Each structure stands twice: as C-alpha cells, then as structure tokens.
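# Overview (structure and organization)
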Amino acid sequence: MLKAIAAETLDQIETGDLSAALLELERKRSEAALLFRPAQIHLYGPDQLLEVQRHFGLGDEWGVIDVPAELLAPNQRSETNRIRNYKKICAKENVAPERQHAGVLALVRYQLLLFAAPCSPGGVTRYFLKPSSILAEMNRMQPLVRACIRNPAAKEHSLLTLLTEQEYKACAHTPALWKTFRATMSKLRDYGARGYWLDIPPKIGTESNPPKDAAGVAIENPRRGSSEELVQPIPEKGQGHTPLPDLFVTEAGYRSYWMMREMGPSLLKVANGFIDIAKRFPAHTSHAKSKRAAAQKEFLKNFVWKDASGSVITKLPFKIRAVARPSRPDLDREIDWPPKNADQMQVLWTLLQTSHLFIVLLSIGGRISESLSLAPGCLSETRDGIPLANGRTYKLYHKFDGQKRDWPLPPEALEAIRQQEELTHVCAEMGGPNDIPTPPDRSKAGMLWNTIGKLGYTPLTAPNRYLQFQADYFGLSDLLEGDTITPHRFRKTIARLIALAVVGAPKILMDLFDHKTIEMTLHYILTDPEVRAELTKVAKEQTIMFNEVVEIAKEETRKIAENAIRDAQNYGGPAVTPLKAAVKAERARLGRQLGAADIRDLADLLTLDRQHWMYVRPGVICTKLPGQAGPCNLNLGEPEPSRCRSHCEMRLEEAWLMQDVDGSVEDSVRYYEIERAAGNEYVAEMWAGQILTHVRRFDAVFEKWKNHPVVAQLLEGSTEKVA
C-alpha cells in the first residue's frame, strides 16, 4: 500500500501537480518514517511531540499547531483556520488541569499522526490527507475531546473510550455532521487496528442512523458553526444550503450584470486615474495625504461616467447603499452619484469584483474552492470555439494539489472573467488610500479574486462575507428569506434550475458538478423538500405539455403528407414514385378525385396515424416507417438527418426545390464543359457526379435535361438506364 502511495506521489511530482511547499511536505513525511516511528506518536510525551511538530514545520510552541499558509489554498490561510491553540481550547472546559492536559495531548498527537501516517477515511484505501483535510478533521476531533474531558474518569489514553452516545449526538446532530463524524470514527478505528492509536471510541448506535426529529424526519442541515464550538448545539438559521430564492437571483443577477457590463469599464478607468494621482502625491505625510485626497475628489468631479453604449450615466438604475448594514436608520442612504471620494470608490470596486464572482458562481456551478482556483490567464477555447475556464477541483481527489479541470462558459461569465483579470491587476497596483502604487509581478497573481484595497496580490479569503455585503449594499438581504448567502447555494440553485428545466438533468449535473456517482447528484436535487415538490409539479405540467406537443407534432406530420398528396406530380425524390402509385390506387378504389377528407385519410394511412414522416432538412421529407432500413443508418431505427442521401428510396422532395435542382444541373453542365475543354479530367469527373446526382431528383428536371448531349452521354455511360 505504501508503495502505491509513493508511486502516486511520484506521478504527481513528475506531472508538476504539487507546489514546492507540498513537495517539501512529502519529503518530510518520507523522512519521518526514518527519524520517528509514526506508530509510536500516540505514545509520545510533550518533548517528543514538539520534536515531531518542528520536523513538519508546524511551529515551536507546545500545544499550538501552526500549519504553514503555503500548504493551504489561498482562501484557507486565515490564522483562525490554520493555527490551533489546543491549550486554549481545552482550557475552555472548567475541569481539572490533568484532564485539560490529557485533552491537549490527544489533540496534538492526533494531528501529528495525520501528518505522519496515511489513514483510511472509508475503511479501504489508505492515503495521506491533505493539510486542509487534516484541519477539517481536527474540527471534528476538538468537540469530541472537549466532551470527553468533562468526564471525571478522563485521563491520558482514556478519553474517547469514555464517549457516550449522548455526547456523540451533541456533536453529530445533523445529517451532514453525522456523516463527517462517522468518517472520523472510521479513521480512529483504522489507526487502532494497525496499532497507531490506543484511545478507541466505543461503537455507538447513532453512528449507523442519521439524526432525526421527534417525528422521525431527518433533521435539515443548519449553518456551519465555529470549529471550537461544534460541541454546542447549533441554532437553526434556515434550511442550510438551499437554492437561492428566484426573486433574489433575478434582482441580484440583474444588478451584477449591469455593474459588469455598464459600469465596469468606467470603474477601471477611475482606478487607473487614481494610480496616476497616487504616483504624483506619495502619501508620506498627513499633508501629502490631504493633497492626494483632494486630487482624487477633483478627478471624480470631472470624470464622465459612461455606459457600454457611450451614453452618460446620470443616475443609477437601482439603489446602492452608502453603508452595508447601517446601525442607525439615518445612515441608511444611497451612495452619492456620481461618487465623490475614495471610500465610495472602494465600495464600487468591491461590488464590481463581487458581481464578477456572482456571475461566475451562477455560470459554472463550481465549488467555492474550484471557483477560487481560477487564476489570471485561465481562459482557453475548445477546437469548436467554446470558451473554457481552467482551474482545479479538490474535494474528490486525494492529490494535494487537486485535479485539473475546466468549465464551459456562457458569454456573460467570459466577459466577467476577462474584466476581473484587469481589475485584479489594477487594484493590486493601486493598493489602499495611502499606498504608493507599485506595478505587481503579474506572474505571481495566483488567484483571480483578490482583496480590494491592499497592495499586491492578496487572495480573497472570505467570499461568503463579500457576497453578503453585496446583498446588503444592493438592499436585497430581505429577499434571502431570513437566510444568509453562501457560495454553495449557487451550486444548489443551478441544480434546481437544471433539474426543473432540462431533460436528462441528473447526468448533466453529474458532469458539471464533477460528482463520482449519480447518487451524489440525486442527493443535491432531492434533499430540499421544496425542490422535490417543484419537480413533482413540473413533471405533471410536462406530461400535459408533452401530450399537447405530441398532438401538435402529429398535425404537422399530417399537413406534410396532405401537401405531398395534393401536389404529388410536382414532388421529387425516389419516394415520389410510390407516393404517386398510392394516390392513383386510392382514386381507383374510390372511383373519383380525392376530396379533403380522402386526402386526410390517405395521409394518416401513409404516415401510420401521423406518427412518421419528418423533415430532415428544408424541403426534404423522410418517409421512413418502422421496419424499413435506409442508407442513413443501415438499421431499423430512427432516421439520421445528417446522413440523408439523395438516392434513398424513402426520400421525398417538395416542389419548390425543383427550381434549385434545375439550376444546379445547369451550373454543373456548364462547369463540366469548361473543365473538359481545359483538360482537367479529375475536376470534370466531380461535375459529372453532380449532374448524375441531381438530374433524376425530379421527373420534370430529368425530362428537360435527358436529351442534352452532355447529360445523355453521362447517363449512357453510367449504370443508370434511361427509360
């Protein structure tokens, strides 16, 4: 197994999938197997643990694990996420110092073990966890340990063994938490079976049964809580990652697109203007800062704001608040238009970036880690000209640096990413109000999304907060129906819209969301009871609509056949011969000319009650019936329009094509004579083929051209026999 892990790591190194920091971590993991015994880490005391901690570069302070920022994705590098002070965490429990110390030991040992030894999250394949996954694992281990040290019997190597079902339920009290805590239990038992861990939790019945309410219904997921407070019951704040309300998507989508399309170019021009001003007025002193601010105000006063069409923007088409969440009603006012100072510009630049993010999230359906993996220069095209955004996906791949993947882009998302690239570079150079602009090294722009107002490329780390601020600044928070906005809700929104609108939605979503199984996708679609209700309603409506559409299609098929019967003498194609024979036979049977009712009955008979005959291209009708094979597909299935052949016995051509076919024959004869005279035999043969292909498509065309010297010669020399 370890050879397989090493081989996978080597493959990652060779393909360049690991960053320098992650390569260094791999080296340290290899060395740890020689310098320490990973199987003994759970027995180490503080001094030995600190030695292991230093080896992995996780800090020098006992009880405080500091994961280097370069081992994490840019949006995971906050100190609250990567630095774990277990002494402080365990001290929150008012218990004896010995139990607090036992808790710190357990947490430090477990985190270092995760760095040093592969584990088996699913109980089958073992592999090293990514640093981000280790931090997520510790988010679950912390509340378990805190719950256990409250037990008076708790001591070193005997914490998790004391875990009760009630304590486990307090930690894993929602379906989402239940699933992740069960994985943690699986890891601990796998380590225990291999002799890497002594403190094994007991088998708890709740692990096999997701939590339910008093009525026996699975509890909906609430918002995620703090990593230190998971042990406490999390108050309900809505229904978790539900689709965004339609009205909110409509209003916020309109505002985001308008910001990008109409205001974006002007905002970029102002940013470049502010850079020029900052270079002229370096803000080293308070006097210089005042001069810079005055120059910025003067610039804004004289700047002409224009939309995409070049028209002057005299007022905004919607409200933008001056303060996101005013604490006093008197501060709840709209932003000045046109803006008057750098603070208001900061709001508009931030709103522009968030509008770009809104459009991209609603377009590609990526997880937030995938959307944040997009970098300047991420755009490409397929051979067919379809624009793509190239990034990485992480969740379902064990490689530390994830897996490369791309997403097709609609035009709006393409425009948003292109404009965001320019905004990222400009704002990185501009920095904050008092910074001296410095052209950044664009090769070091690791993320498309950066913090506005900071010099250089500072990755955006709180997309949830920015999206919520956007809703607040636009005054749309009330449309969220009491819940907050998160990036994952965009993913659920796309799932809902596609599920309601597109045939074969589960397979489409499975590919778009990069799910491994169709069950994952169905879970996305069906977990929300409102979406299930909508699907049921839509299914009923689609059944009614389908029946109506089928009836309309049948009437169209009847009209096609009726027109052919009425004008059979002027129709063309091989199928016109049996059509004429059918019309003639019906007249003979009735002993009279066909009336409207007779034509309708014959049309229904020829099309098997209006179920067959179809247009395969303008003016060309396929009369193929069940049980008939044609050259288009060589079997008894549905016809293949793209492979329709002029010699097919089921091909019927409408009368209006006769003029086009006659012109084609005329042109082909002329070019054939020219090429023959020039001695271009190969080209002449091509035109001869065109003549033979078209001349017999219509009887009238054939009668007109069959005696032409060129056509007669070609017909005589071909396998076709002139009647």
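Keep in mind it's a predicted model, so treat the numbers as computed, not measured.

What counts, and at which threshold
Residues numbered from 1 in each chain as written. Predicted model: local features only at pLDDT ≥ 70, side-chain atom pairs only at ≥ 80, totals over all residues. Heavy atoms only, no water. Patch = residues over 30% accessible without salt bridge, like charges linked within 9 Å, V, L, I, M, F, W, Y side chains within 5 Å. Areas by Shrake-Rupley, 256 points an atom, 1.4 Å probe, with all protein chains shown as cover. Salt bridge = Lys/Arg side-chain N within 4 Å of Asp/Glu carboxyl O. Helix = DSSP H or I, 4+ residues; strand = E, 2+ residues; numbered from the N terminus. Buried < 20%, exposed > 50% of the residue type's maximum accessible area, 1.4 Å probe, protein only. Pairing = 2+ DSSP bridges. Axes fitted to C-alpha atoms, helices over the stretch in contact; angles between N-to-C directions. Contact = heavy atoms within 4.5 Å.

### A few points about a nonpolar patch on the surface
A cluster of nonpolar side chains, contributed by Y682, V683 and M686, occupies part of the molecular surface with about 360 Å² of accessible area. Here V683 is to be found in helix α23 (residues 681–694). The exposure class of V683 is partly exposed, given its relative accessible area of 34%.

### Observations concerning the sheet that holds strand β7 (residues 620–622)
Reading across from one edge, β6-β7-β8 is the order of the three strands in this open sheet, with antiparallel pairing throughout. Both edges of this open sheet fall to β6 (614–617) and β8 (651–653), since each of them pairs with a single strand only. The average undirected angle you get between the axes of adjacent strands in this sheet is 40°. Relative to β8, β7 runs antiparallel, the two being bridged by three bridges. Bridge assignment links C622 to a residue of β8, and that residue is R651.

### Observations regarding the sheet that holds strand β5 (residues 403–408)
Strand order in the open sheet formed by three strands is β3-β4-β5, with antiparallel pairing between adjacent strands. Strands at the two margins of the open sheet, each flanked by one partner only, are β3 (379–381) and β5. Recorded for the sheet is a direction-independent mean angle of 45° between the axes of neighbouring strands. Two elements, strand β4 (residues 387–393) and β5, share six bridges in a ladder whose sense is antiparallel. Its bridge partner being in β5, N390 is matched across the sheet by D406. Along the sheet, helix α14 (residues 411–430) contacts β3 and β4; its crossing angle with β3, the most-contacted strand, is approximately 140°.

### Section: unusual backbone geometry
Cis geometry is found at the peptide bond from W337 to P338, where omega equals -5°. A positive phi angle is found at H157, which is not glycine, with a value near 65°. Take H157: it is sitting in the loop between α7 (131–148) and α8 (165–171). The class for H157 is partly exposed, based on a relative accessible area of 29%.

### Here we look at the pattern of salt bridges
Scanning all chains against the criterion turns up 30 salt bridges. Close ionic contact of E31 with R27 constitutes a salt bridge, the shortest N to O distance being 2.3 Å. Pair noted here: E31 and R27 are both in helix α2 (residues 20–35), with a separation of four residues, about one helical turn. Classification of E31 as partly exposed rests on a relative accessible area of 29%. Linked by salt bridges that have partners in common, E551, E555, R558, D604, D609 and R610 make up one network.

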